[in-house]
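# Structure assessment
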Amino acid sequence: MTDAASTPRPDQQPLPARVLVGRVVTPTGVLDDGVVAVEGGRVAWVGRRADAVAAGYADLPADDGATLLPGLVDVHDHGGGGSSFPDATSAADALVGAREHLRHGTTSLVASLVTAPRDVLLERTATLADLAEAGEIVGIHLEGPFLSEVRCGAQNPHDMLDGDPELVRAIAAAARGHLRTMTVAPEVPGVVGPGGVIETLVEVGAVPSIGHTDASTEQTEAAIASGVAALAAAGRPGARLTATHLFNGMRPLHHREPGPVAACLAAAARGEMVVELVADGTHLAHGTIRSVVELVGPHVGVDGAVAGPDGVALVTDAMAAAGMADGAYELGPMRVTVADGVARLTDGGSIAGGTYHLIDVVRETVGAGVPLVDAVRAASWAPAGVLGLDDRGGLVAGRRADVVVTDADLTVREVLRAGEPVDLSA
């Protein structure tokens, strides 16, 4: 697969070869003494240093303790660097947030909106579509407006609506082919059923995501079944639904009323769903992170075999304060106060998005006891699969050369997107 961001224009010369060395994290393992060769914006070769000369790569640079990761893929991100996607009135405003995350290793980002009036949703979607057409983001996610007022979280319940397929079509038109996902609550009228929102999302090429819901297990199972059937009927049998930040904004799991969490975990175990985890140590406890990855995440063996359903995508759910100081911010119409790096609604105190970059989420996940290769795969390979981006998401020969060079503690040193160095200065 090729795209405008990775294919040189006729007036451009292909990028020269570059060789990177260090601890290399691939989708199937960690090479402690590895080499990644980049040519023409693509990964040309990946392997052990001992095999690099035979592959034609001589005079290798010294290993300076670097760790090489694939470019990270965030499917749920509301902004950063002081820029809020739900509040950006121009592509230039939104670009600030996209570049904030790019500088920290997120080379593929889906920009997320929140529940808002119809005209605002259409305007903001069109603005983000400009950014997608410029290659700065890989798509748009709408977190609402067909959500549960009971589980509204940091969103305005007064703007939430019953399912409206025509509004979905209008948003898809404004997105100009870049609508990737939409979060919906199964119990909201008009979401599930023939011609409902879930079927319409599949019709316009997007992926339904279950979230901000007070649904029962049975209602959630019906929504998942509807989505799976619609994807199959649309000729997208490999596509999977997602669960928007599992646990957060959902009826809690209870042994007599299991609610949406149980249904989503079961669907992930069947390979029908990928569950998002905001694994930043604030949204979820470390034990929860470990348990979910153990249940439905990837498990890469020492032989490189991948077991498990690969059903976890690490996300940031970041808002404007990512990369910024504590203080007052906005998330759509809601006022947010960030203290000690935690964002909460100024009125009410609900958690109001994240302040981490995705590399920080990976570091937190590893700190929770998840193996590095599994954490990185959940922040790159799995979310790229959700988006159907089979040209990136892993350090694999032939894929786009999105590379994050870090220290051993996962502090970013350098970022390449399609082989080109990213300016890390603010």
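Everything numeric here is computed off the predicted structure, so don't read it as measured data. (Residues numbered from 1 in each chain as written. Predicted model: local features only at pLDDT ≥ 70, side-chain atom pairs only at ≥ 80, totals over all residues. Heavy atoms only, no water.)

### Section: the UniProt feature "domain: Amidohydrolase-related" (unreviewed entry) in the chain
- The residues that UniProt annotates with the feature "domain: Amidohydrolase-related" (unreviewed entry) are residues 67-410.
- Taken end to end, residues 67-410 has its terminal C-alpha atoms 7 Å apart, with 31% of it in helix and 21% in strand. (UniProt positions renumbered as here; feature names shortened; annotations may be inferred. Helix = DSSP H or I, 4+ residues; strand = E, 2+ residues; numbered from the N terminus.)

### Here we look at the pairing of strand 4 (residues 67-70)
- Where burial is concerned, the two faces of strand 4 agree: the one with Thr-67 and Leu-69 and the one with Leu-68 and Pro-70 are both buried.
- With two bridges joining them, strand 1 (residues 18-26) and strand 4 adopt parallel strand pairing. Within strand 4, the position partnered with Arg-23 by the bridge is Thr-67.
- With four bridges connecting them, strand 4 and strand 20 (residues 403-406) associate as antiparallel partners. (Buried < 20%, exposed > 50% of the residue type's maximum accessible area, 1.4 Å probe, protein only. Pairing = 2+ DSSP bridges.)

### Some details on the packing of aromatic side chains
- Per the stated rule, a full pass over the model turns up one aromatic pair.
- Centre to centre, the rings of Trp-45 and Tyr-57 are 5.9 Å apart; their planes meet at 35°, and the pair counts as tilted. Of this pair, Trp-45 sits in strand 3 (residues 42-48) while Tyr-57 sits in the loop between helix 1 (49-52) and strand 4; the two residues are twelve residues apart in sequence, bridging distant segments of the chain.
- When its relative accessible area of 18% is taken as the criterion, Trp-45 is described as buried. (Phe/Tyr/Trp six-rings, centres within 6.5 Å; stacked < 30°, edge-to-face > 60°.)

### Remarks on helix 8 (residues 286-296)
- Those residues of helix 8 that fall on the buried side of the exposure criterion are Ile-289, Val-292, Val-293 and Val-296. Taken around the axis of helix 8, the buried residues stretch over an arc of 100°, which confines them to a single face. In helix 8, the exposed positions angled more than 90 degrees off the buried face are occupied by Glu-294 and Leu-295.
- Check the buried side of helix 8 and you find it contacts helix 7 (259-269), strand 13 (273-277), strand 14 (299-300), strand 16 (312-314) and helix 9 (358-367). (Arc of directions from axis to C-beta. Contact = heavy atoms within 4.5 Å.)

### Some thoughts on the pairing of strand 3
- With six bridges joining them, strand 2 (residues 29-39) and strand 3 adopt antiparallel strand pairing. Bridging from a neighbouring strand, Val-38 pairs with Val-43 of strand 3.
- Remark: two residues form the turn of the hairpin made by strand 2 and strand 3, two consecutive strands paired antiparallel; Gly-40 in that turn has positive phi of roughly 60°.

### Some words on unusual backbone geometry
- In this model, Gly-144 is joined to Pro-145 through a cis peptide bond whose omega is 15°.
- Relative to the assigned elements, Pro-145 resides in the loop between strand 9 (139-143) and helix 4 (165-175).
- With a phi angle near 50°, Asp-59 is a residue other than glycine that sits in the positive phi range.
- Overall, Asp-59 belongs to the exposed group, its relative accessible area being 80%.

### Looking at the sheet that holds strand 5 (residues 72-77)
- An order of 5-8-9-10-11-12-13-16 is seen for the eight strands of this open sheet, with the pairing classed as parallel. Of all strands in the sheet, those with a lone pairing partner are strand 5 and strand 16, marking the two edges. Here the average twist between neighbouring strands, direction ignored, is 25°.
- Across five bridges, the pairing between strand 8 (residues 106-114) and strand 9 is parallel. Its bridge partner lying in strand 9, Ala-111 is registered against Ile-140. (Axes fitted to C-alpha atoms, helices over the stretch in contact; angles between N-to-C directions.)

### Focus: the sheet that holds strand 3
- The strand order 3-2-1-4-20-21-22 describes an open sheet built from seven strands, whose pairing is mixed. Looking along the sheet, the strands with just one partner apiece sit at the ends: strand 3 and strand 22 (420-421).

### Re the environment of Glu-364
- Within the secondary structure layout, Glu-364 lies in helix 9.
- C-alpha separation for the pair Glu-364 and Ala-279, spaced 85 residues apart in sequence, amounts to 6.7 Å.
- Once residues lying within four places of it in the same chain are set aside, the contact partners of Glu-364 are Ala-279, Asp-280, Gly-281, His-286 and Tyr-356.
- A polar contact of 3.1 Å, which involves the side chain of Glu-364, links it to the side chain of Tyr-356. (Polar contact = N/O pair within 3.5 Å; in protein donor to acceptor, adjacent residues only side chain to side chain.)

### Points about the side chain of Ser-148
- When you line up the elements, Ser-148 lands in the loop between strand 9 and helix 4.
- By relative accessible area, which is 7% here, Ser-148 ends up buried.
- The residues contacting Ser-148, other than those within four sequence positions of it, are Met-160, Ala-185, Glu-187, Val-188, His-212, Thr-213 and Asp-214.

### Regarding the side chain of Arg-417
- Considering the arrangement of structural elements, one finds Arg-417 in strand 21 (residues 412-417).
- Polar contacts involving the side chain of Arg-417 include one to the side chain of Glu-136, which spans 3.3 Å.
- Once residues within four sequence positions are removed from consideration, Arg-417 is found in contact with Leu-102, Thr-107, Gly-135, Glu-136, Arg-400, Ala-401, Asp-402 and Val-422.

### Concerning the environment of Thr-213
- Note that Thr-213 resides in the loop between strand 11 (207-210) and helix 6 (217-233).
- Separated by 67 residues in sequence, Thr-213 and Phe-146 place their C-alpha atoms 9.7 Å apart.
- If sequence neighbours within four positions are ignored, Thr-213 has contacts with Ser-148, Arg-151, Ala-185, Pro-186, Glu-187, Gly-249, Met-250, Arg-251 and Pro-260.

### Regarding the pattern of salt bridges
- Counted by the stated rule, this structure contains 20 salt bridges.
- A salt bridge links Arg-103 to Glu-100; its shortest N-O distance comes to 2.9 Å.
- Owing to a relative accessible area of 6%, Glu-100 belongs among the buried residues under this scheme.
- Taking the shortest distance from any N to any O, the salt bridge between Arg-270 and Glu-272 comes out at 2.8 Å.
- Given the relative accessible area of 51%, Arg-270 is considered exposed.
- Look at the salt bridges and you will find they share partners, linking Arg-151, Asp-214, Arg-251 and Glu-257 into a network. (Salt bridge = Lys/Arg side-chain N within 4 Å of Asp/Glu carboxyl O.)

### Some points on the state of the cysteines
- The final tally for this structure, using the stated rule, is zero disulfides.
- Counting only cysteine sulfurs, Cys-264 is the nearest neighbor of Cys-152, a cysteine outside any disulfide, at a range of 19 Å.
- Given a relative accessible area of 0%, Cys-264 falls into the buried group. (Disulfide = S-S within 2.5 Å.)

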